[in-house]
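# Understanding the architecture of this molecule
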Amino acid sequence: VQIPKEDRAPETHDPLFIRWLEYKADLCAKVHRELFAYVKEISGGKAIVLHNPCFPRPGRGLTQRGFEPSRVSLDCDYIFAENSVGFIRMENGRIKGQVDAFKFGERFGYQVLDACWTHNDAGKARLPYNREEVVRFQVQSMIFGGLCGSPWTVRSIKDGHKNILEDNKVITPALKEAFDYYYKYQKLFRLPAENYVKILYVPENVLACLEHGLDYIRSVVEELVTAGIPFSFVTEEDLTQWEEKIDAKEQVLLIPRVVYASEPLLEKI
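The shown structure was predicted, so the numbers you read here are calculated from the model rather than taken from an experiment. (Residues numbered from 1 in each chain as written. Predicted model: local features only at pLDDT ≥ 70, side-chain atom pairs only at ≥ 80, totals over all residues. Heavy atoms only, no water.)

### Let's talk about the nonpolar core
Formed by 30 residues in total, the largest nonpolar core has its most connected members in F104, Y110, Y201, I217, F231 and F233. Of all elements in the fold, only α1 (15–42), β2 (78–81), α3 (99–108), β11 (197–200), α6 (203–208) and α7 (213–227) reach the threshold of two or more residues within this core. With five residues, the single largest contributor to this core is α3. (Core = buried A, V, L, I, M, F, W, Y, C linked by side-chain atoms within 4.5 Å. Buried < 20%, exposed > 50% of the residue type's maximum accessible area, 1.4 Å probe, protein only. Helix = DSSP H or I, 4+ residues; strand = E, 2+ residues; numbered from the N terminus.)

Structure (structure tokens):
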């Protein structure tokens, strides 16, 4: 068939164009899988692979970059979450942060390196003002088993081989406090937590909703996080296994706005 022209609408309902987006995501995943596996092989399994699609980001980032989390290679250890709006904070009565990023990693088999910036009133990146902002950022990563990147203190000077370590009177002591606590009580972190609330993740739906596919999911996540309700992501594959579980009636399935879904998925729902 002829490759379809790009659909610039916020949502696409063209099955052929959606298949094209899936093909691109699969092709990117294939390249990543081969590259990461090669790095692991020549390092004797010692290499730690860090991938930088900066997932998740609002808007068309997923379809433009071709990265889709359910296709990620198991050879990839960490994925950046450098979401420009992801610094943990309270906004309009909701907790906003990176919980969705950590939960995607939890479901699809990689850990998250959180490296987002906080912003000023004009929307420009700034350094954290106080200890509370730093600790809040660190604690979120610790709770969900991720890594805390601190781009405010350690960053590249852009010549390809040097980094700056900046000693900030506010940030550095707060980072030390958080890391000391984690080192002392690390056995408390990443303990398994049982939850009965599941959010359905449909990759094709996110690809089809070019502008707001992830925003629909993030809105549900923010509601749950603000209410203090534990949750996890599930896929169509999980629903197949779910039907066979004795405790399936005790589970709650939340379905963010679905624009595109296959007939088999609708039957399972």
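### Here's the deal with the sheet that holds β11
An order of β12-β11-β13 is seen for the three strands of this open sheet, with the pairing classed as parallel. Edge strands, defined here as strands with exactly one partner in the open sheet, are β12 (232–234) and β13 (252–254). Adjacent strand axes in the sheet meet at a mean angle of 40 degrees, parallel and antiparallel pairs treated alike. One ladder, built from three bridges, connects β11 with β13; its direction is parallel. (Pairing = 2+ DSSP bridges. Axes fitted to C-alpha atoms, helices over the stretch in contact; angles between N-to-C directions.)

### Structural notes on α3
Of all ten residues that make up α3, eight are buried, and the element is covered over most of its length. Among the residues of α3, V99, D100, A101, F102, K103, F104, G105 and F108 are the ones counted as buried. Buried residues in α3 make contact with β2, β5 (111–114), α4 (131–143), α7 and β12. Immediately downstream of α3, the backbone of G109 shows phi near 90 degrees, a positive value. (Contact = heavy atoms within 4.5 Å.)

### Observations concerning the pattern of salt bridges
Counted under the stated rule, the structure contains 21 salt bridges. The residue E132 makes a salt bridge to R131 at a minimum N-O spacing of 3.9 Å. On the basis of relative accessibility, which here comes to 47%, the residue E132 falls in the partly exposed class. A relative accessible area of 37% means that R131 is categorised as partly exposed. Bridged by salt links that share partners, the residues R94, K96, E222 and E223 form one connected network. (Salt bridge = Lys/Arg side-chain N within 4 Å of Asp/Glu carboxyl O.)

### So, α7
Taking 1.5 Å as the rise per residue, α7 with 15 residues should run 21 Å; its terminal C-alpha atoms sit 23 Å apart, in good agreement. Within α7, burial applies to G213, L214, I217, R218, V221, E222 and L224. Within two residues after α7, G228 carries a phi angle of roughly 75 degrees, on the positive side. (Expected span 1.5 Å × (residues − 1).)

### Structural notes on the state of the cysteines
The final tally for this structure, using the stated rule, is zero disulfides. Not part of a disulfide, C54 finds its nearest cysteine sulfur in C116, a span of 11 Å. Since its relative accessible area comes to 6%, C54 is described here as buried. C28 provides the cysteine sulfur closest to C209, a residue in no disulfide bond, and the two sulfurs are 20 Å apart. (Disulfide = S-S within 2.5 Å.)

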